[in-house]
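An overview of the molecular structure
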Amino acid sequence: MRLKLLAAVMGGAFLLLAGQRPDALPYFNTQARYSDAVIAHWSNALYLHQNGFAPWRETIMAGQPFAANPLNKTAYPLQWFALLLPPFLHLNLMIALHLLIAGAGMWRWARLLGLRAEAAALSALAYALAPRLVAHLGAGHLDIVYALAWWPWLMLAARLVVDSGKVSSIFGLALAAALVLLADVRVSLYALATVFLYMLFLAGGRRRVWRRALGAGALALPLTASVIAPLLAWSPYLSRAGLSAGEAGTLAIQPGHFLGLAIFSSPPGIETLVYAGLPVLALALVGWWLMGRRARALTAAGLVGAALYAMGANGPLWPMAVNLVPGLLWFRVPSRVWLVVTLALPLLAGIGLERLLALAEGRVIPAIRRWRLAAVGLTAVAVTLGLFALVVLKLPEAGVGALVFGGASGAALLLALNGRLPARRLPAVWLVLVFFDLLWFGTHWVTWRGPDIWLEPHRPLAERLVALNADRIYSPTYSLEQQVAEVYGLRLFGGVDPFQLVGIVEAVERGSGVMSAGYSVIQPPIYGIQGDDLSSANRDAIIETGVLAAWRVSHVVAAYPISHPRLEWVDTVNGVYIYANRDYMPDPAERSVPDWPAGWPNLPDADTVNGLNRLTGTAALVSAVGLAAAAGLFLYFALRTEG
């Protein structure tokens with residue numbers, strides 16, 4: 001119990017030292033201008049808080065499905081707290097809660113595998129504060145954090161299905177799989193593939209086990225209907241269906257990125273981040289090498305396979321996979337398979353600590369001399385790479401981290417291998433090393449920023465547009481940010497969201513004059529910029545005011561003056577120019593859903609949209625009832641004595 005409390009306290013201390021506060025949201029660092037936590041998750045939580053499970057949303061992308069969009073998390077049970085809680089409080093509680101869920105799941109899984117409490121506590125801490133998880137937190141990818149939190153519970157449930165065969169374990173596996181998928185569809189691909197391979201390793205061809213697994217899979221289908229059914233129904237209209245291999249393979253890991261195992265990069269390279277912490281890596285190597293031969297070989301094959309797939313077109317595995325299974329193109333960014341490694345290394349580190357504790361208690365590690373030489377070699381490599389990062393790469397934070405924590409990990413490993421670190425002190429030494437290494441990384445990657453940065457400065461512009469009775473608004477420079485538009489109920493022609501309808505993408509392209517070079521989560525795509533400064537974005541694009549008028553775009557706002565015969569300057573607010581669209585004709589008629597030009601190509605008509613919305617509502621009801629029933633049956637069978 002004391003170790004659980006210690007790990008929880010360390011996690012809380014990490015968040016506080018990283019700057020978490022209840023009136024702010026996570027960003028990469030103090031220089032980052034944008035965060036998905038603000039643009040997407042805060043806006044989504046605010047809309048859910050104010051409108052409930054609304055099927056439709058008009059404030060972004062010229063109108064789009066709300067409940068059917070898996071990025072809005074309306075199907076994820078813990079997101080339902082947003083109905084009651086203010087968005088700030090809701091999201092910060094969700095962050096803390098999911099880090100706790102992640103650590104608790106890893107703890108339970110490690111304990112089930114036979115690790116003592118000290119080793120399980122280290123695995124839990126290393127996973128809950130894993131650099132890749134923390135980096136996604138800093139980018140505002142909260143849905144990925146939510147899914148990662150449930151992944152160890154999925155592995156735990158699979159082990160229980162194999163070992164116990166109890167009815168409760170089948171419901172547990174179904175619930176864990178459903179929660180991962182409801183939290184993030186993209187992560188669920190890798191989580192479900194991993195759990196399948198894990199069960200194959202544990203159970204082999206035991207038919208009884210696979211019957212239980214199939215039963216759990218069948219149970220999981222209605223639990224996830226609220227995501228799967230609407231996504232399949234809307235898929236013919238989504239731009240993601242047309243992804244090419246080049247578009248889907250973006251942000252793949254390159255060979256040089258693997259240096260990041262020892263020296264972490266600077267933001268914003270989240271998707272190519274491979275750093276797991278030097279103390280974690282050192283212990284994981286010990287744990288991996290001292291596994292049984294079969295387990296060691298299969299673990300190595302899995303980790304190498306994940307690394308090769310993460311390289312996308314830079315390696316052989318991903319191109320082969322997408323040729324065989326074209327549906328994998330939907331799951332763009334192949335480097336996210338590295339999340340498998342993010343899960344595995346903390347568990348291996350706990351196994352490594354378990355082996356070092358056994359050595360300290362008098363048990364023998366085979367080839368101890370070679371291990372001592374290996375420890376010296378790994379320490380030398382870490383120190384060399386630290387100096388390389390400092391002198392050549394000019395990465396002081398990474399260099400200092402490699403020197404301090406690489407050197408300290410090597411020293412701790414050598415002391416343990418030489419019997420100079422007694423068993424009673426060994427866990428504390430490694431817990432401290434892991435915590436401060438991950439804290440060093442986290443405080444350089446994550447900070448919290450409040451609305452004084454990302455909301456208040458934009459209020460004068462939003463209030464001026466409200467006063468002008470703006471209908472829809474287009475901005476080539478993203479001057480009216482999505483979260484601001486949500487607060488004021490302003491309707492954007494475009495926006496930031498991976499869930500895009502082909503017809504809307506084509507309309508934005510025609511109206512904005514910004515020709516797309518491929519799939520982009522931002523509509524219109526941003527061209528001609530330096531870093532995060534969008535003040536010159538899309539400056540050369542020729543706006544088609546007639547198309548904008550057909551889509552009820554009454555105003556255009558930009559960070560630069562626009563010379564166009566059909567755009568009339570109205571005002572300038574904090575350096576942002578406001579123009580009225582002379583081709584726009586006000587329509588007093590009540591707005592329909594969807595509020596689109598009749599007959600626009602590649603978009604469903606109003607009757608089809610209404611039918612899709614009804615399907616979404618029905619699927620949501622099926623999932624909600626299914627989740628409640630499955631949770632109740634899981635508790636019932638878990639609490640009663642099973643024969």
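Anything mentioned here points back to the structure above.
Criteria and thresholds
Residues numbered from 1 in each chain as written. Predicted model: local features only at pLDDT ≥ 70, side-chain atom pairs only at ≥ 80, totals over all residues. Heavy atoms only, no water. Pairing = 2+ DSSP bridges. Helix = DSSP H or I, 4+ residues; strand = E, 2+ residues; numbered from the N terminus. Contact = heavy atoms within 4.5 Å. Axes fitted to C-alpha atoms, helices over the stretch in contact; angles between N-to-C directions. Buried < 20%, exposed > 50% of the residue type's maximum accessible area, 1.4 Å probe, protein only. Phe/Tyr/Trp six-rings, centres within 6.5 Å; stacked < 30°, edge-to-face > 60°. Core = buried A, V, L, I, M, F, W, Y, C linked by side-chain atoms within 4.5 Å. Parallel < 35°, antiparallel > 145°, perpendicular 65-115°, else oblique. Left-handed = near helix turned anticlockwise from the far one by under 90°. Nonpolar A, V, L, I, M, F, W, Y, C, P; charged D, E, K, R; others polar. Salt bridge = Lys/Arg side-chain N within 4 Å of Asp/Glu carboxyl O. Patch = residues over 30% accessible without salt bridge, like charges linked within 9 Å, V, L, I, M, F, W, Y side chains within 5 Å. Areas by Shrake-Rupley, 256 points an atom, 1.4 Å probe, with all protein chains shown as cover. Polar contact = N/O pair within 3.5 Å; in protein donor to acceptor, adjacent residues only side chain to side chain. Expected span 1.5 Å × (residues − 1).

Focus on the sheet that holds strand E11 (residues 576–581)
Think of a sheet as strands paired side by side through backbone hydrogen bonds, with each pair either parallel or antiparallel. Pairing in this open sheet of 5 strands is mixed, and the strands run E6-E5-E9-E11-E10 from one edge to the other. Only two strands of the sheet have a single neighbouring strand rather than two, namely strand E6 (491–492) and strand E10 (567–573). One ladder, built from 3 bridges, connects strand E5 (residues 472–474) with strand E9 (residues 553–558); its direction is parallel. Residue pairing across strands places Tyr 474 opposite Val 556, the latter belonging to E9. On top of the sheet, helix H20 (residues 459–467) reaches E5, E9, E10 and E11; it is set at about 140 degrees to E10, its chief contact.

Section: the side chain of Thr 379
Take Thr 379: it is sitting in helix H16 (residues 368–391). Taking the relative accessible area as the measure of exposure, Thr 379 reaches 16% and is therefore buried.

Structural notes on the packing of aromatic side chains
Across all of its chains, the model carries 26 aromatic pairs by this definition. Ring centres of Phe 28 and Trp 445 lie 6.1 Å apart, and the angle between their planes is 80 degrees; on these two criteria the pair is classed as edge-to-face. Here Trp 445 lies in helix H18 (residues 426–445) and Phe 28 lies in the loop between strand E1 (25–27) and helix H2 (36–51), a separation of 417 residues in the sequence. Both residues of the pair, Phe 28 and Trp 445, count as buried. On the basis of an interplanar angle of 85 degrees and a centroid distance of 5.1 Å, the ring pair of Phe 264 and Phe 441 is categorised as edge-to-face. One end of the pair, Phe 264, is in the loop between helix H11 (245–248) and helix H12 (278–289); the other, Phe 441, is in helix H18, with 177 residues separating them in the sequence.

Points about the environment of Gly 217
For Gly 217, the location among the structural elements is in helix H9 (residues 207–223). For the pair Gly 217 and Ile 170, spaced 47 residues apart in sequence, the C-alpha separation works out to 9.0 Å.

Topic: the pairing of E10
Sheet topology note: the E10/E11 ladder contains 6 bridges and is antiparallel. Along E11, the bridge assignment pairs Thr 572 with Tyr 577. Two successive antiparallel strands, E10 and E11, enclose a turn made up of 2 residues, where Asn 574 displays a positive phi of approximately 50 degrees.

Points about the nonpolar core
Ranked by size, the top nonpolar core spans 177 residues in total, and within it Trp 151, Trp 430 and Leu 480 carry the most contacts. Examining the composition of this core, we find that 16 residues originate from one element, helix H6 (residues 142–163), more than from any other. Setting aside chain neighbours within four positions, we find Trp 430 in contact with Leu 122, Pro 279, Leu 283, Leu 353, Leu 356, Ser 409, Ala 412 and Leu 413. If you look at the next biggest cluster of nonpolar residues, it comprises 30 residues, including Tyr 474, Val 508, Leu 567 and Leu 603.

Description of the packing of helix H5 (residues 131–139) against H18
H18 packs onto H5 with a crossing angle of 20 degrees between their chain directions and a minimal axis gap of 10 Å. Comparing the axis directions of H5 and H18 gives the class roughly parallel. Judged by the twist between their axes, the crossing of H5 over H18 is right-handed. Contacts from Pro 131, Val 134 and Ala 135 in H5 reach Leu 438, Phe 441, Gly 442 and Trp 445 in H18. Taken together, the residues of the contact of H5 with H18 sort by class into 6 nonpolar, 1 polar and no charged.

Side note on the pattern of salt bridges
Counting across every chain of the model gives 20 salt bridges. One salt bridge connects Arg 116 with Glu 354, and the closest N-O pair in it is separated by 3.2 Å. Here Glu 354 lies in helix H15 (residues 339–360) and Arg 116 lies in the loop between helix H3 (87–112) and helix H4 (117–128), a separation of 238 residues in the sequence. Judged by its relative accessible area of 13%, Glu 354 is buried. Via salt bridges that share partners, Glu 58, Asp 471, Arg 472, Arg 491, Arg 552, Asp 587 and Asp 595 belong to a single interconnected network.

Observations concerning the pairing of E11
In summary, the side chains of a regular strand alternate between the two faces of the sheet. E11 sits mainly inside the fold: 5 of its 6 residues count as buried. Summarising the sheet, E9 and E11 pair through 4 bridges and their orientation is antiparallel. By the bridge assignment for E11, Ala 558 is matched with Tyr 577.

With respect to a nonpolar patch on the surface
A cluster of nonpolar side chains, contributed by Leu 259, Phe 388, Val 391, Val 392 and Leu 393, occupies part of the molecular surface with about 410 Å² of accessible area. Tracing the backbone through its elements, the reader meets Leu 393 in the loop between H16 and helix H17 (396–417).

Regarding the side chain of Glu 486
Checked against the element boundaries, Glu 486 lands in helix H21 (residues 482–488). Taking relative accessible area as the criterion, Glu 486 reaches 4% and is therefore assigned buried. Looking at Glu 486, its side chain comes within polar contact range of the side chain of Arg 57, at 2.6 Å. When residues no more than four places from it in sequence are discounted, the contact partners of Glu 486 are Ser 43, Leu 46, Tyr 47, Arg 57 and Thr 59.

Observations concerning helix H13 (residues 293–310)
With 18 residues, H13 extends 26 Å from end C-alpha to end C-alpha; this agrees with the ideal 26 Å at 1.5 Å per step. Restricting attention to buried positions, one finds in H13 the residues Ala 295, Arg 296, Leu 303, Ala 306, Ala 307, Tyr 309 and Ala 310. Buried residues along H13 sit in contact with helix H8 (185–203), H12, helix H14 (317–324) and H15. One or two residues past the end of H13 sits Gly 312, with phi positive at roughly 55 degrees.

As for unusual backbone geometry
Note the cis peptide between Gln 523 and Pro 524, where omega equals -5 degrees. Within the secondary structure, Pro 524 is located in the loop between strand E8 (522–523) and helix H23 (545–550). The omega torsion of the bond from Val 593 to Pro 594 falls at 0 degrees, within 30 degrees of zero and hence cis. Checked against the element boundaries, Pro 594 lands in the loop between E11 and helix H24 (606–639). A positive phi is found at Leu 251, a non-glycine position, where the angle reads about 60 degrees.

Considering H8
Its 19 residues give H8 an end-to-end C-alpha distance of 26 Å, which sits within 8% of 27 Å, the value for a rise of 1.5 Å per residue. Within H8, burial applies to Val 185, Arg 186, Val 187, Ser 188, Tyr 190, Ala 191, Thr 194, Val 195, Tyr 198, Met 199, Leu 202 and Ala 203. Immediately downstream of H8, the backbone of Gly 204 shows phi near 60 degrees, a positive value.

Topic: the environment of Pro 316
By the secondary structure assignment, Pro 316 is in the loop between H13 and H14. The exposure class of Pro 316 is exposed, given its relative accessible area of 51%. Once the C-alpha coordinates of Pro 316 and Tyr 577 are considered, the two residues, 261 residues apart in sequence, prove to be 49 Å apart.

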